[in-house]
Number of protein chains: 2
Amino acid sequence: MSVFTIGFLIFPDLTQLDFTGPLQVLSRLPASKTLIVAKSRDPVPSDCGLSLVPTATFQDCPPLDLICVPGGFGVVKAMTDPETVDFIRRRAESARYITSVCTGAFVLGAAGLLQGRRATTHWAYTDMLPLVGATHEKARVVWDGNIVTAGGVTSGIDFALRIVAELAGEEIAQSIQLGIEYDPAPPFDTGHPDRAPETVRQLVMPRYAKSREAYRAALPS
Amino acid sequence: MSVFTIGFLIFPDLTQLDFTGPLQVLSRLPASKTLIVAKSRDPVPSDCGLSLVPTATFQDCPPLDLICVPGGFGVVKAMTDPETVDFIRRRAESARYITSVCTGAFVLGAAGLLQGRRATTHWAYTDMLPLVGATHEKARVVWDGNIVTAGGVTSGIDFALRIVAELAGEEIAQSIQLGIEYDPAPPFDTGHPDRAPETVRQLVMPRYAKSREAYRAALPS
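Conventions used here
- Residues numbered from 1 in each chain as written.
- Chains lettered and ligands numbered in written order.
- Predicted model: local features only at pLDDT ≥ 70, side-chain atom pairs only at ≥ 80, totals over all residues.
- Heavy atoms only, no water.
- Contact = heavy atoms within 4.5 Å.
- Buried area = accessible area lost by both parts, 1.4 Å probe.
- Salt bridge = Lys/Arg side-chain N within 4 Å of Asp/Glu carboxyl O.
- Polar contact = N/O pair within 3.5 Å; in protein donor to acceptor, adjacent residues only side chain to side chain.
- Helix = DSSP H or I, 4+ residues; strand = E, 2+ residues; numbered from the N terminus.
- Nonpolar A, V, L, I, M, F, W, Y, C, P; charged D, E, K, R; others polar.
- Pairing = 2+ DSSP bridges.
- Phe/Tyr/Trp six-rings, centres within 6.5 Å; stacked < 30°, edge-to-face > 60°.
- Buried < 20%, exposed > 50% of the residue type's maximum accessible area, 1.4 Å probe, protein only.
- pLDDT = per-residue confidence, 0-100.
- Axes fitted to C-alpha atoms, helices over the stretch in contact; angles between N-to-C directions.

Colleague: I'm lost on the interface of chain A and chain B in this one. Help?
Modeller: Many authors give the size of an interface as the accessible area that is lost as the parts come together. Listed by partner, the interface residues are 63 residues for chain A and 64 residues for chain B. Here chain A meets chain B over a buried area of about 5400 Å², counting both sides, of which 62% is carbon and sulfur. Area buried by chain A at its contact with chain B is led by Leu178(A), Glu181(A) and Phe188(A), which between them contribute 15% of it. In this structure, the connection of chain A to chain B is made through 4 salt bridges. For the salt bridge of Asp47(B) with Arg28(A), the shortest nitrogen-to-oxygen distance reads 3.8 Å. Linking chain A to chain B there are 39 residue pairs in polar contact (both at pLDDT 80 or more). Elements supplying a minimum of two residues to the side of chain A that touches chain B: helix H1 (16-26), strand S4 (51-53), helix H5 (155-168), helix H6 (170-179), helix H7 (198-204) and helix H8 (206-218) of chain A. Per-element tally for the side of chain A that touches chain B: the top contributor is H6(A), with 8 residues. For the side of chain A that touches chain B, the residue count by class is 29 nonpolar, 22 polar and 12 charged. Alignment of S4(A) against strand S4 (residues 51-53) of chain B, held across 3 bridges, turns out to be antiparallel. Across the sheet, residue Val53(A) finds its bridge partner in S4(B), namely Ser51(B).

Colleague: Any chance you could explain the packing of aromatic side chains here in plain terms?
Modeller: What describes a pair of aromatic rings is the distance from one ring centre to the other and the angle between the planes of the rings. Residues and elements named next belong to chain A. Summed over the entire model, instances satisfying the criterion amount to 18 aromatic pairs over all chains. With centroids separated by 4.4 Å and ring planes inclined at 10°, the aromatic side chains of phenylalanine 58 and phenylalanine 87 adopt a geometry described as stacked. Placement of the pair is phenylalanine 58 in the loop between strand S5 (56-57) and strand S6 (66-69) and phenylalanine 87 in helix H3 (residues 82-94), with a sequence separation of 29 residues. For the residue pair phenylalanine 58 and phenylalanine 87, the accessibility class agrees, reading buried in each case. Feature note: the residues Phe73, Phe106, Trp123, Tyr125, Tyr208 and Tyr215 constitute an aromatic cluster, connected by ring pairs.

Colleague: Sorry if this is basic, but what is going on with the confidence of the model for chain A here?
Modeller: Low-pLDDT stretches of the model should not have their predicted coordinates read in fine detail. A residue-level look at chain A finds 99% of positions with pLDDT of 70 or above and a mean pLDDT of 97. For this predicted complex, the interface confidence reaches an ipTM of 0.97, while the overall pTM sits at 0.97.

Colleague: In this structure, what is going on with the sheet that holds strand S7 (residues 97-101) of chain B? I would like to understand it.
Modeller: By definition, the strands of a sheet pair up through backbone hydrogen bonds, in either a parallel or an antiparallel sense. Residue and element names in this part refer to chain B. Pairing within the open sheet is mixed, and its 7 strands lie in the order S5-S2-S1-S6-S7-S11-S10. Single-partner strands in this sheet number two, and they are strand S5 (56-57) and strand S10 (141-144). Sheet contacts for helix H3 (residues 82-94): strand S1 (4-9), strand S2 (32-38), strand S6 (66-69) and S7; angle to S6, the most-contacted strand, approximately 150°.

Encoded structure:
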């Protein structure tokens, strides 16, 4: 059995949990290796003070069986950076799965990979998926052929467990879920905008205004 | 209002999601700053190929209002390292909250901080809490005075949201939960040993045998 090679793209100002959640799960996929790919091997600053060390660069990254692009405010720069978009586009040609978490979907989109596809992204940006030719499907994880997109931040954990189930079978995925004690007990039922009170939505919406504007400017429809 | 200072201890071979989950949440606590503390500023290798860059050392770390110790297989070395245990013990004297995720509880324990306390840890180690003088309370997050301990890996997200609710109020915690779209949809109901099938438990148990032995050797009752 050949080794299944997983590559996460990281870039400045990513939301680190978009990446570290699925990384924790996918790094336990049997017969796999995981690469953390960036423009250079310099530590990459995330959104919350933590810098992450890449293990491969665009130049020396081997062929990938699965590409995963996380999101975050840094997506605006990543999706308008020709070198990054070109890397994703070229690697997608030979990858078995092309995936994203959160607004990482827009990096796939900028590479032309979501044209005519059903997809999802962070809830505050789902209405903008048509800018990259995609149709929003209301689900936490959306499969359309070999393109798998997940919703905001923590949905990356659900996404990764489903990928493991697909590749290694349900029992292995279940054992990883048990290993990370993923038996969630959110203190509130406010994790989805359909159920969060209006006051709570209003607290968080301004956070996204500037990047929504930047997406519109960067992705002329 | 003074800045609330949060310090995460990191050490080689930690389970990175024990740390990155609560980091994502707590870094959004208003009027706070978050430090990532290690022995030196050299990148710290986690359990899954990702190295993490500290932002403070034991020497230059300012007083902490909240200390959080994540877990992982590296705990065996961390809890037997006098410099690490001494750092936690000294900082705990002035901290408002002393917390852990997963087997990080045993680092608190090695520092004598769980004597006579109710606590929790990763499910595969809860029976060993008496080795550090603690009583296991069956809950995903356990509060006992100013000591807050969380269960395995992903419980750190639930823990951190509850800390935010305590410090900044429920509405802020709810808005952070919405921001990280924490509306979990685990693909299986196998995240807790009470509900995972025996075959799945058997797949994962061998993973913990060696470190359970090491805990027994390091923590003579």
